[in-house]
Amino acid sequence: CIASASELDFTWACLAAAGGANVAAAFRGQENKKAMAGDMKAAIGGGANAYAIGTLWSTLLLIPTVFITGEWQKMDAFLKVWEDDGLPGHTGFRFNLIMSGLTFYLYNEVSTLALGKISGVTHSVANTAKRAIIIVGCAIAFGESMSP
């Protein structure tokens, strides 16, 4: 955070959104852990179904948000980019969007299955370590300096 504070494009809103996403992920993990225990486990059918049900509920809850915030007005622009398979000079939009969604879903599916085998605290610590490793790996891959 200290290194980012000196960046020109650093915003407190982004930091707050990232913090909120971390809290939401921890809450989701905790609730999934509860759902995979006791009487709920038989009703849900396991960790894979717990994540699938959570994803479906999230989608249903986000649909009204699209209309409340006015994002639905951008649908025509999105459909044009989809039909053109990207912006001018950039192709592969459809493939990248589909693969991004699939890999994100599969990652979270595996994460939920792992949560069934380990404690919530261990899961959160591993998730935090994963994020730090990804940041450092990306900095190395893209040749970015990490000095403050």
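To start, this report covers the structure provided alongside it. (Residues numbered from 1 in each chain as written. Predicted model: local features only at pLDDT ≥ 70, side-chain atom pairs only at ≥ 80, totals over all residues. Heavy atoms only, no water.)

### Some points on the pattern of salt bridges
Put simply, the test is: Each reported salt bridge corresponds to a side-chain nitrogen of Lys or Arg within 4 Å of a carboxyl oxygen of Asp or Glu.
Following the criterion strictly, the structure yields three salt bridges and no others. Ionic pairing is found between D85 and R94, a salt bridge with its closest N-O pair at 3.4 Å.

### Focus: the packing of aromatic side chains
Going by this rule: Under the pairing criterion, centres of Phe, Tyr and Trp rings, with the six-membered ring standing for Trp, must be within 6.5 Å; the plane angle then separates stacked pairs below 30 degrees from edge-to-face pairs above 60, leaving the rest tilted. Numbering of helices and strands starts at the N terminus; helices are DSSP runs of H or I of at least 4 residues and strands are runs of E of at least 2. Whether a charge sits over a ring comes down to the Lys NZ or Arg CZ being within 6 Å of the ring centre and within 35 degrees of the ring normal.
Per the stated rule, a full pass over the model turns up four aromatic pairs. Centre to centre, the rings of F78 and F93 are 6.0 Å apart; their planes meet at 70°, and the pair counts as edge-to-face. Here F78 is found in helix 5 (residues 75–83), whereas its partner F93 is found in helix 6 (residues 93–115), with 15 residues between them in sequence. Aromatic ring contacts, followed pair by pair, group F78, W82 and F93 into a single cluster. When the ring centre of W82 is taken as reference, the NZ or CZ atom of R94 above it lies at 5.9 Å.

### Remarks on the nonpolar core
In a soluble, globular protein the nonpolar side chains are often hidden away together inside. Worth spelling out the cut-off: Take the buried residues of types Ala, Val, Leu, Ile, Met, Phe, Trp, Tyr and Cys, join any two whose side-chain atoms come within 4.5 Å, and each joined set is a nonpolar core. Each residue's exposure class comes from its accessible area (1.4 Å probe, protein chains only) as a fraction of the maximum for that residue type: buried when under 20%, exposed when over 50%, partly exposed otherwise. When checking whether two residues touch, look at their non-hydrogen atoms; a contact exists if any pair is within 4.5 Å.
Core analysis: the biggest nonpolar cluster contains five residues, these being A35, M36, I44, A50 and L115. The contact partners of L115, leaving out residues within four places of it in the chain, are G29, N32, K33, M36, G120 and H123.

In short, shape yes, function no, at least from these values alone.
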